[in-house]
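Coordinate inspection notes
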Amino acid sequence: MEIDIKEWLNREAETVLEDIGIKKGDVVLDFGCGTGHYTIPTAKVVSEEGKVYAIDKDIESMYKLMEIAKTKNLKNVIPLHAKPEEPKINLGSESIDVVLLYDVIHLVGKNNTSTVDDRKKLYKDVYRITRKNALISVYPSHLTTHTDVTSKEEIKKEIEETGFSFEKEIYTELIHDDNKVKDYILNFRKK
């Protein structure tokens, strides 16, 4: 397990994230960043010209993430502590190029239980903070088992109703629950 994560962080993640659409100079929000399985390689991809806002409600994970960023001399990672009682993302309107919603949308809402209304509030706030043509990349794990969503098509429709256009589905290697897996990512663009 730990070897998979190290291999991911040191060799594979940057290529996967570039294939997903992240590029040098982007301003990225990693929503639900945890300890940084996506934040750290994203910070490398966007380089010093870009930045990564890392948001999570678990303060311990945020501390671990920032320690990792410090050991890797990544100065472009900006931590944001999410307060579960405050659903609004504390970033300015039209300030973000890419939003990563990886393995997290099933947890938005009270008691980590997501309803369609909870998710729509999140999508509306993501719409507010993103620039025109921004990339919204979603790893919708657990949605069909932990929420009221029954299919990928349903989640695509839900996100499109907020003003995003479905762009493509990418089947790739990812880190999920501290293991390397092959699964799909759904990419959307802000209209």
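Source: prediction; values computed, not measured.

Observations regarding the nonpolar core
By size, the foremost hydrophobic cluster in this structure holds 31 residues, and its most contacted members are Ile20, Ile22 and Tyr38. Of all the secondary structure elements, the ones that give two or more residues to this core are helix 1 (2–20), helix 2 (39–46), strand 2 (51–56), helix 3 (59–71), strand 4 (96–102), strand 5 (130–139) and strand 6 (164–176). If one sorts the elements of this core by residue count, helix 1 sits on top with seven residues. Excluding anything up to four places from it in sequence, tyrosine 38 contacts Trp8, Leu17, Asp30, Leu100, Tyr102, Leu174 and Ile175. Of all hydrophobic cores here, the second largest spans 28 residues; its members include Ile89, Ile96, Val108 and Val126.

A few points about the sheet that holds strand 7 (residues 179–190)
Taken in spatial order, the seven strands line up as 3-2-1-4-5-7-6 in an open sheet, and their pairing is mixed. Looking at strand neighbours, the two that pair on one side only are strand 3 (77–81) and strand 6, the edges of this open sheet. Taking the axes of each pair of neighbouring strands and ignoring which way they run, one obtains an average angle of 20° across the sheet. On top of the sheet, helix 2 reaches strand 1 (27–31), strand 2, strand 3 and strand 4; it is set at about 165° to strand 2, its chief contact. Contacting strand 2 and strand 3, helix 3 crosses the sheet at an angle of about 170° to strand 3.

Examining the packing of helix 4 (residues 116–129) against helix 6 (residues 152–160)
Taken N-terminus to C-terminus, the directions of helix 4 and helix 6 make an angle of 50°; their axes are 10 Å apart at the nearest point. Put simply, helix 4 runs oblique to helix 6. Like other packed secondary-structure pairs, helix 4 and helix 6 cross with a definite hand, here right-handed. For the pair formed by helix 4 and helix 6, the contact residues are Val116, Arg119, Lys120 and Tyr123 on the first element and Ile155, Glu158 and Ile159 on the second. Here the residues of the contact of helix 4 with helix 6 sort into four nonpolar, no polar and three charged.

Focus on helix 6
Within helix 6, burial applies to Ile155, Lys156, Glu158 and Ile159. The arc that holds the buried residues of helix 6, viewed along the axis, is 160°, so those residues lie on one side. Pointing more than 90 degrees away from the buried face of helix 6 are the exposed residues Glu153 and Lys157.

What to know about the pattern of salt bridges
Tallied over the full model, the rule gives eleven salt bridges. Close ionic contact of arginine 119 with glutamate 158 constitutes a salt bridge, the shortest N to O distance being 2.6 Å. In this pair, arginine 119 is assigned in helix 4 and glutamate 158 in helix 6, connecting sequence segments 39 residues apart. A relative accessible area of 0% means that arginine 119 is categorised as buried. Classification of glutamate 158 as buried rests on a relative accessible area of 5%. Of the charged contacts in the structure, one is a salt bridge between arginine 189 and glutamate 167, with a shortest N-O distance of 2.9 Å. Note that arginine 189 is positioned in strand 7 and glutamate 167 in strand 6, a separation of 22 residues in sequence. A cluster of three or more residues bridged by salt bridges with shared partners is formed by Lys152, Glu153, Lys156 and Glu169.

Parameters at a glance
- Residues numbered from 1 in each chain as written.
- Predicted model: local features only at pLDDT ≥ 70, side-chain atom pairs only at ≥ 80, totals over all residues.
- Heavy atoms only, no water.
- Core = buried A, V, L, I, M, F, W, Y, C linked by side-chain atoms within 4.5 Å.
- Buried < 20%, exposed > 50% of the residue type's maximum accessible area, 1.4 Å probe, protein only.
- Helix = DSSP H or I, 4+ residues; strand = E, 2+ residues; numbered from the N terminus.
- Contact = heavy atoms within 4.5 Å.
- Pairing = 2+ DSSP bridges.
- Axes fitted to C-alpha atoms, helices over the stretch in contact; angles between N-to-C directions.
- Parallel < 35°, antiparallel > 145°, perpendicular 65-115°, else oblique.
- Left-handed = near helix turned anticlockwise from the far one by under 90°.
- Nonpolar A, V, L, I, M, F, W, Y, C, P; charged D, E, K, R; others polar.
- Arc of directions from axis to C-beta.
- Salt bridge = Lys/Arg side-chain N within 4 Å of Asp/Glu carboxyl O.

Everything listed here is a matter of geometry and, on its own, says nothing about what the molecule does.
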